[in-house]
Each structure stands twice: as C-alpha cells, then as structure tokens.
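Take a look at the letters that make up each chain.
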Amino acid sequence: MKPMTTDWETGEIVTLQRIDKMLKKNRTTAYKEFVSSRYICIRKASNGKPGILVKTLGKTPATFLNIVDGLPFVKDDVEQLFYDTNYYSFPFPKASEVEEVLTIIRNNQELLNQFESISMKINTESTFWVRETTHNLLYMRRLQFFDAKSCQTYTAKGNDAHYRLSIVYYDDSQLIW
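Described below are features of the structure shown in this document.

Criteria and cut-off values
Residues numbered from 1 in each chain as written. Predicted model: local features only at pLDDT ≥ 70, side-chain atom pairs only at ≥ 80, totals over all residues. Heavy atoms only, no water. Buried < 20%, exposed > 50% of the residue type's maximum accessible area, 1.4 Å probe, protein only. Helix = DSSP H or I, 4+ residues; strand = E, 2+ residues; numbered from the N terminus. Pairing = 2+ DSSP bridges. Phe/Tyr/Trp six-rings, centres within 6.5 Å; stacked < 30°, edge-to-face > 60°. Lys NZ or Arg CZ within 6 Å of the ring centre and 35° of its normal.

Notes on the pairing of strand 2 (residues 29–43)
In terms of residue burial, strand 2 counts as a mostly covered element, since 13 of its 15 residues are buried. Here ten bridges tie strand 1 (residues 13–25) to strand 2, and the two strands are oriented antiparallel to one another. Residue pairing for strand 2: Ile19 is matched across the bridge by Val35.

Below, the structure written as structure tokens:
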C-alpha cells in the first residue's frame, strides 16, 4: 500500500481510500463509522492549522437516522458476512465544525463552484444534522440539527430532512475524523 500524501490544495478533489473505525459491536452486528470516496479540500493544512476535507451527502429525513451508542447513525453501507452484519455510516460532525466549514465555503465562490461541478449539492443557508444529541424524558436521546441562518442548534422534530456533511481534518501524517 502506498503512503498517503496530504499536500492537498484548496478546491482540490480528493479521493480517500476507505477507512473505518468501530463504534459499537453486539454479538453478530457491528456499527462502524467510515470515510471514503470524493471530498473537496476547503482549507490547506498550514501554520499548525489542520486542513479540512468536506463531502456533502444530500438531505436525509429523520426516519433514516438511528442513535447508536449515543451518536447519530445512518446505514450508508452494509456488509453481510456469513454470521455477522456490519453497518457503516459517515460520521456526523459537531455543530462547531459545521459552522466553521460553512463560513469557509460561503466566503469562497470558487469552492461553491467546485461543489456544483462535481454534483455535491450544498446550501450554506440551510440546516445540517450534527453529532450532538440531547436527552428527552427517561434518558431517551434526541437528534439535533444546526441552522446556518441563526447559527443555533435545535432538537429535531417530526421527519424533517436536513443536509449531511462528512468532515475530515488532516495534517502532515494523518486523517482526523
């Protein structure tokens, strides 16, 4: 396997090899988060700041989301083994990460054009699912979303659909997600 290079430029389309990490494992079912496929570099790593890669995953209704080990999870991919089943989800970003990414994209028309050119739809004034969850009565976790217009996080109600982003930070030697 050849070593990974991380000298990506802003606006560059980056293809990541599939990498996953375990979130939760039951007897015959595993839940994993993964990154793979095409991302756009929205900030080059420099001066001690990590670079940022972003992938938009479109709008997803609440009924497609589950909570696994306290975190939002969508069955983006499945691997059926003889006795086991592995479910994979792109990781959900924190609200602060979504806010940072949207600020960068909003202020750079070239990045907006790059997202459009590879058919990754993004509306920087929309709403986005986030990693944070909140407790309801009886300790039931509730999903939350970030509203880009108000820069606030709200508890999801009903079956509203919100955008999903996969955000990967990188430095000279590693990917962080």
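Concerning unusual backbone geometry
Positive phi is not limited to glycine here, since Asn47 has a value of about 50°. The residue Asn47 is located in the loop between strand 2 and strand 3 (51–61) in this model. Of the residues examined, Asn47 reaches a relative accessible area of 81% and is grouped as exposed. In this structure, Asp69 takes a positive phi of about 55° despite not being glycine. Take Asp69: it is sitting in the loop between strand 4 (65–68) and strand 5 (71–74). Since its relative accessible area comes to 53%, Asp69 is described here as exposed.

Describing the packing of aromatic side chains
Counted by the stated rule, this structure contains eight aromatic pairs. On the basis of an interplanar angle of 75° and a centroid distance of 5.8 Å, the ring pair of Phe34 and Tyr88 is categorised as edge-to-face. Taken together, the positions of Phe34 in strand 2 and Tyr88 in strand 7 (residues 85–89) put the pair 54 residues apart, joining distant regions of the chain. You'll find Phe34 and Tyr88 in the same group, each marked buried. Over the ring of Tyr39 we find Lys55; its NZ or CZ atom is 5.7 Å from the centre of that ring.

Just geometry here; none of it tells us what the structure is for.
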